[in-house]
Amino acid sequence: MPRGINLASKMEKQLPAELVNFMWFAGEIAHTRGERIYLVGGVVRDLLLGQANFDLDLVVEGNAIELAQQLKKLNRGKITTYPRFNTAKLQWDKWSVDLATARSETYDKPGTLPSVKPSSIDNDLSRRDFTINAMAIGLNPGYYGKLVDLYGGRNDLKHKLIRVLHEKSFTDDATRIWRGLRYEQRLDFHLERKTLKLLKRDIPMLDTISADRIRYELECILGEKYPEKVSRRAQELGVLAKLHPALKGNGWLAEKFEQARRLSSPEPPEVGLYLALLAYSLTNEETERLISHLRLPKSSAQTLRDSITLKSKLRLLATPGMSPSTIYRLLEGYSSPAMVANSLASESPAASQNIRLFLNKLKYIEISLTGNDLMRLGIAPGPHIREIIELLHQARLDGEITSKQDEVDLVKRWLD
Ligand code: CTP
């Protein structure tokens, strides 16, 4: 039975009315079904911290899929069910709510995904990573708004502590090592003394985690507001070396991440840009090892490879007095985040400036005439059409011509 303080008015104040109404109905309907439903995890933590978080995670002591199907009728949204996991997602307008059946977990082998079976909210909370993420709020009539805090999560929030629930937490699931650092740095908290000890002890357990899960954790970190805080801490604790021993979470990286943010503001930088900066000091072979260790998707792998190739061209790119068409030829075809990473990382202002010229201007320059236009002007069909188009493009890049008429005049001159 839920115990403790009531957060109904906090919910009312901090969450959009539509979500509050939805939760209230969910409680009513669960009640008529003889089930209990709770708001759990990160949103409860952030509610108590007064921070915005509208990602509702609901846990049902009962059947989450059936309940979701009933709730769907309320808002005419979309439902996606995952019968294998007994979970469902409801989406309507700009909202998305996850519903899961309360479950207990057992880890047959460290690092693998756990075996799960339906259970109570108490067991569901006991399988979670940190006390601050292991709280729930009752939504049923009579219990609406009541905080369930079995592990002292609220107290740890007050004292800014990240604490695991039991000794084997990181052994069972070493992704929690990365999660712990992420929360610690995001919230400006501290790993509680014993938790820190366990975390250090279990760093080798990161080897039990699949590439896909590690990559997901890295993407979450690079999606944080200040990922360099996490990488610095990860370096200090020897966790970063588990991604690749040559990676550095140092002041240089912090400075470059900050510059990347300024450059892409108001949007946050692409993950690919952060990744290219993180991997910037790696050699070819080290980069290939990182790519396979994380099983990076093709586009991210290409960004890292492009970044290395571009790094080897920086000297050339710094040559004084290079024509725009030469710059274009040097940079054409490389991925944008790789170019941006090099413009930020290069120590040559001239090279950086040339990369920026390409990204901001040259790559958008096109010619107006088409192959058909050229034939109409009297050029015979054949491979030299392509060559003429390239020459016109070059003349446009170098500012020798600026309009369609200039292009026509130039072609006519060539024909004379
Ligand atoms: N969780 C866990 N162990 C993991 C991953 C998740 O115990 N390895 C639990 C935590 O209780 C967490 C919840 O599942 O609160 C949901 O996970 P997730 O969506 O990743 O995190 P949030 O808590 O929503 O936090 P945020 O998205 O703000 O990082």
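Below: a short report on this structure. The model shown is predicted, which means the values in this text are computed figures rather than measured ones.

Helix and strand counts for the protein stand at 21 helices and eleven strands. Here the C-alpha atoms of the protein give a radius of gyration of 28 Å, more than 25% beyond the 22 Å that 2.2 N^0.38 yields for 416 residues. With respect to the principal axes defined by its C-alpha atoms, the protein has extents near 90 × 50 × 35 Å. In the protein, buried positions account for 50% of the 416 residues. Within the protein, counting contacts between residues at least 6 apart in sequence, those at least 24 apart form 67% of the total.

This brings us to the site of the ligand. Close to the ligand lie 13 residues, the nearest being Arg45, Asp129, Asp173, Arg179 and Arg186. In the environment of the ligand, a nitrogen atom lies 2.8 Å from a nitrogen or oxygen atom belonging to the side chain of Asp173. When the ligand is considered free in solution it has 570 Å² of accessible area, and contact with the protein chains removes 74% of it. According to the grid-proximity analysis, the pocket containing the ligand is the largest pocket. Those elements that place two or more of their residues in the shell around the ligand are α3 (42–49) and α8 (175–187). The element contributing the most residues to the shell around the ligand is α8, with six residues. The class makeup of the residues in the shell around the ligand is one nonpolar, four polar and eight charged.

The subject of this paragraph is empty space enclosed by the protein. The full count for this structure, using the stated rule, is three cavities of 30 Å³ or more. In this model, the largest cavity occupies a volume close to 70 Å³. Taken together, Trp178, Leu218, Ile221, Leu222, Pro227, Val230, Ser231, Leu240, Leu243, Phe257 and Leu278 make up the lining of the largest cavity. Contributing elements (two or more residues each) for the lining of the largest cavity: α10 (211–222) and α11 (227–237). Residue composition of the lining of the largest cavity, grouped by class: ten nonpolar, one polar and no charged. Counted as a void, the second largest cavity has a volume near 50 Å³. In terms of residue class, the lining of the second largest cavity is made up of four nonpolar, one polar and two charged.

Negative phi values dominate among residues other than glycine, just as trans dominates among peptide bonds. Across the junction of Ser265 and Pro266, the peptide omega takes the value 10°, indicating a cis bond. Position of Pro266 among the secondary structure elements: in the loop between α12 (251–264) and α13 (271–278). Of note, the phi angle at Asp188 is positive, near 60°, even though the residue is not glycine. Looking at the element boundaries, Asp188 is found in the loop between α8 and β11 (190–191). Phi is positive for Arg295, close to 45°, though the residue is something other than glycine. With relative accessibility at 54%, the residue Arg295 sits in the exposed group.

Counted by the stated rule, this structure contains 34 salt bridges. With a closest N to O distance of 3.0 Å, Lys89 and Asp98 form a salt bridge. Taking relative accessible area as the criterion, Lys89 reaches 21% and is therefore assigned partly exposed. Judged by relative accessible area, Asp98 falls into the partly exposed class, the value being 28%.

The next subject is a positive patch on the surface. Residues Lys10, Lys13, Arg154 and Lys158 make up a contiguous surface patch of positive charge. At the level of secondary structure, the elements contributing two or more residues to the positive patch comprise α1 (8–14) and α6 (153–158). Mapped onto the secondary structure, Arg154 falls in helix α6.

Working note: α-helix, 3.6 residues per turn, so residues spaced by three or four point in the same direction. Over its twelve residues, α10 runs 16 Å from end to end, which matches the ideal 16 Å to within 8%, given 1.5 Å per residue. Residues of α10 that are buried include every one of Ala211, Ile214, Arg215, Glu217, Leu218, Cys220, Ile221 and Leu222, and no others. Buried-residue contacts for α10 involve α8, α11, α12, α13 and α14 (284–293).

To continue, consider the environment of Pro110. Tracing the chain through its elements places Pro110 in the loop between β6 (103–106) and β7 (115–118). Here Pro110 falls in the partly exposed class, since its relative accessible area comes to 36%. Considered as a pair, Pro110 and Phe170 are 60 residues apart in the sequence and their alpha carbons are 8.8 Å apart. Filtering out sequence-adjacent residues up to four positions away, Pro110 remains in contact with Thr171, Asp172, Met205 and Thr208.

Let us look at the packing of α14 against helix α15 (residues 298–317). At a minimum axis separation of 10 Å, α14 and α15 run at an interaxial angle of 175°. In this view, α14 runs roughly antiparallel relative to α15, as classed from their interaxial angle. Between α14 and α15, the residues in contact are Asn284, Thr287, Glu288, Leu290 and Ile291 and Ala301, Leu304, Arg305 and Ile308, respectively. For the contact of α14 with α15, the residue count by class is five nonpolar, two polar and two charged.

What follows covers a nonpolar patch on the surface. The grouping of Trp24, Phe25 and Leu74 at the surface amounts to a nonpolar patch, some 290 Å² of accessible area in total. Residue position: Phe25 is located in helix α2 (residues 17–32).

For any two aromatic rings, the description comes down to two numbers: the centre-to-centre distance and the angle of the planes. Summed over all chains, the structure comprises eight aromatic pairs. Residues Phe54 and Trp95 carry aromatic rings whose centres are separated by 6.2 Å and whose planes lie at 75° to one another, so their mutual orientation is edge-to-face. In this pair, Phe54 sits in the loop between α3 and β2 (56–61) while Trp95 sits in strand β5 (residues 95–101), placing the two residues 41 residues apart along the sequence. Judged by its relative accessible area of 35%, Phe54 is partly exposed. These aromatic residues form a ring-pair network of at least three members: Phe130, Phe170 and Tyr183. Residue placement shows Arg182 over the ring face of Tyr183; its charged tip is 5.3 Å from the ring centre. Residue placement shows Lys311 over the ring face of Tyr280; its charged tip is 4.7 Å from the ring centre.

What counts, and at which threshold
Residues numbered from 1 in each chain as written. Predicted model: local features only at pLDDT ≥ 70, side-chain atom pairs only at ≥ 80, totals over all residues. Heavy atoms only, no water. Helix = DSSP H or I, 4+ residues; strand = E, 2+ residues; numbered from the N terminus. Rg over C-alpha atoms; globule rule 2.2 N^0.38 Å. Buried < 20%, exposed > 50% of the residue type's maximum accessible area, 1.4 Å probe, protein only. Contact = heavy atoms within 4.5 Å. Near = heavy atom within 4 Å. Polar contact = N/O pair within 3.5 Å; in protein donor to acceptor, adjacent residues only side chain to side chain. Areas by Shrake-Rupley, 256 points an atom, 1.4 Å probe, with all protein chains shown as cover. 1 Å grid on protein atoms, 1.4 Å probe; cavity = no way out; pocket = protein on both sides within 12 Å on 5 of 7 lines; lining within 4 Å. Sits in = over half its atoms within 2 Å of the grid points. Nonpolar A, V, L, I, M, F, W, Y, C, P; charged D, E, K, R; others polar. Points joined across faces, edges and corners; volume = space filled by probe spheres on them. Salt bridge = Lys/Arg side-chain N within 4 Å of Asp/Glu carboxyl O. Patch = residues over 30% accessible without salt bridge, like charges linked within 9 Å, V, L, I, M, F, W, Y side chains within 5 Å. Lys, Arg positive; Asp, Glu negative; His and termini not counted. Charge placed at Lys NZ, Arg CZ, Asp CG, Glu CD. Expected span 1.5 Å × (residues − 1). Axes fitted to C-alpha atoms, helices over the stretch in contact; angles between N-to-C directions. Parallel < 35°, antiparallel > 145°, perpendicular 65-115°, else oblique. Phe/Tyr/Trp six-rings, centres within 6.5 Å; stacked < 30°, edge-to-face > 60°. Lys NZ or Arg CZ within 6 Å of the ring centre and 35° of its normal.

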